Amino acid sequence: MSDWPNNGCPPPPGTAGGAGAPGSSSGERGIVPLGPGGGRRKALTLPSGLFFCVLGGAVASSTLSLLGPVFVGYGLVSASEAAGLRGKLLCLPASLVPAVALSLSGGVAVVVTTVICCLAALLVAELTLRGKVTPGVGCLVVAALALVHLGADTFVAASQGTSVYASVEAVLDAYDAQLSGAGVTAVAVMQQVRSLMSTFWPMAYVVTALGEFLFAGMGVSLAAPRMAERTVRPQRVSEFDLPLWVVAVLVAAAAVLALGLSLTGAVADVSVMVSANVIMSLRFAFAIQGLAVLAWFLGRHRVGPVASALLGGAALYLEVQFVVLTIAGLVDVWANFRHLDRGGRPGVETPAKQENGSAQAD
């Protein structure tokens, strides 16, 4: 008879005497080692956090400056997870030193802009770690960053005997010179562009601030799954819900715009410019609110990823053409399409909700 049990067949892997037995040497050399933490990602470390901060500072000084906050935000979370407050403090020079060193050749304005970009990423990452980032706080942070960028450029331009608007005019004059030999249609289009730019040039600072805010949050979201304790939960798009005071600001800006259009003079021009830029800035917030309603609707009806991507692209196109998402977001503030409990945080069940759920279950 054979020495093998089971009618002469060799034992299957993982049983006593088999090649995959737990105590065998081959079992220890398995492709996927077993044990606690075998499926977890590597823990965040202080050196890796500082490395990403250095990388973020270097990227912030380049033409891809908006990608810098991604690395800085990731680095701050890593350093904070590994060394706490000491790691956060080390992130400050780790990001600012390469940012300043690599942007010196571009002049004072580039250095200031790069430093603000790194500081903005550190601020957003810190607020996210503390759980302070809400849609309302996000609006305030973006507005503050835009004002800081605008104020810094105004100060630098004034020290050089010029102004920010003069720089905008110089760029537009250069385009006018290039189109001097073009047709009548091109010249007419340029005149329209010039008229719009003379009013909405501050929007460039709002777009920059919004990009820094979003990309810094992206860096934190990428590092959050590797934290030992999931203290940071990235907010889903469907949970985005603006506070009512944002609507009050929109109404006030619309009233100031109507008043400015009915008057003449320098005060009227300034009021029109400020109110128009505030309204256009709030359009981003309400468009995200409308996108949140769309994401909630798609998730509720379990629409697949491909169809969701197509519908999302169509919604963005309609937003550019007809302001569809902005209108949907504005109406949602009152209509509450998603039936959110606006007395509590998104995604957190209040005692009233829990009681209702238990009553329905019974």
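Scroll up to find the structure.
Residues numbered from 1 in each chain as written. Predicted model: local features only at pLDDT ≥ 70, side-chain atom pairs only at ≥ 80, totals over all residues. Heavy atoms only, no water.

1. Quick word on the environment of Leu127
Reasoning step 1: Along the chain, the position of Leu127 falls in helix H4 (residues 108–129).
Reasoning step 2: Leu127 sits in the partly exposed class, given a relative accessible area of 21%.
Reasoning step 3: For the pair Leu127 and Gly138, spaced 11 residues apart in sequence, the C-alpha separation works out to 9.9 Å. (Helix = DSSP H or I, 4+ residues; strand = E, 2+ residues; numbered from the N terminus. Buried < 20%, exposed > 50% of the residue type's maximum accessible area, 1.4 Å probe, protein only.)

2. Examining the state of the cysteines
A covalent bond bridging the sulfur atoms of two cysteines is what the word disulfide describes.
Reasoning step 1: According to the stated counting rule, one finds zero disulfides in the structure shown.
Reasoning step 2: Cys118 supplies the cysteine sulfur nearest to Cys117, a cysteine that is in no disulfide, at a spacing of 5.6 Å.
Reasoning step 3: For Cys118, a relative accessible area of 1% translates into the label buried. (Disulfide = S-S within 2.5 Å.)

3. Some details on a nonpolar patch on the surface
Reasoning step 1: Together, Tyr317, Leu318, Phe322 and Val324 line one region of the surface with nonpolar side chains, adding up to about 400 Å² of accessible area.
Reasoning step 2: Looking at the element boundaries, Tyr317 is found in helix H11 (residues 305–322).
Reasoning step 3: The exposure class of Tyr317 is exposed, given its relative accessible area of 52%. (Patch = residues over 30% accessible without salt bridge, like charges linked within 9 Å, V, L, I, M, F, W, Y side chains within 5 Å. Areas by Shrake-Rupley, 256 points an atom, 1.4 Å probe, with all protein chains shown as cover. Salt bridge = Lys/Arg side-chain N within 4 Å of Asp/Glu carboxyl O.)

4. What about the pattern of salt bridges?
Reasoning step 1: One pass over the full model with this rule turns up eight salt bridges.
Reasoning step 2: Of the charged contacts in the structure, one is a salt bridge between Glu126 and Lys88, with a shortest N-O distance of 3.1 Å. Here Lys88 lies in helix H3 (residues 68–103) and Glu126 lies in helix H4, a separation of 38 residues in the sequence.
Reasoning step 3: Salt bridges sharing partners connect three or more residues here, namely Lys88, Glu126 and Arg130.

5. Structural notes on helix H6 (residues 164–178)
Reasoning step 1: In this model, H6 (15 residues) spans 22 Å end to end at C-alpha, consistent with the 21 Å of a helix rising 1.5 Å per residue.
Reasoning step 2: Inspection of H6 places Val164, Val168, Glu169 and Leu172 among the buried residues, and these make up the whole buried set. An end-on view of H6 places all buried positions within 135° of arc, on one side of the element. Projecting away from the buried face of H6 at angles above 90 degrees are the exposed residues Ala177 and Gln178. (Expected span 1.5 Å × (residues − 1). Arc of directions from axis to C-beta.)

6. Some points on H11
Reasoning step 1: Its 18 residues give H11 an end-to-end C-alpha distance of 25 Å, which sits within 8% of 26 Å, the value for a rise of 1.5 Å per residue.
Reasoning step 2: Along H11, the residues that are buried comprise Gly312, Ala315 and Glu319. Each buried residue of H11 lies within a common arc of 60° when the element is viewed along its axis, so the set occupies one face. Exposed side chains of H11 directed beyond 90 degrees from the buried face belong to Val306, Ala309, Leu310, Tyr317, Val320 and Phe322.
Reasoning step 3: Once H11 finishes, Val323 follows within two positions and takes phi at roughly 55°, a positive value.

Remember that the coordinates give geometry; whether it matters functionally is a separate question.
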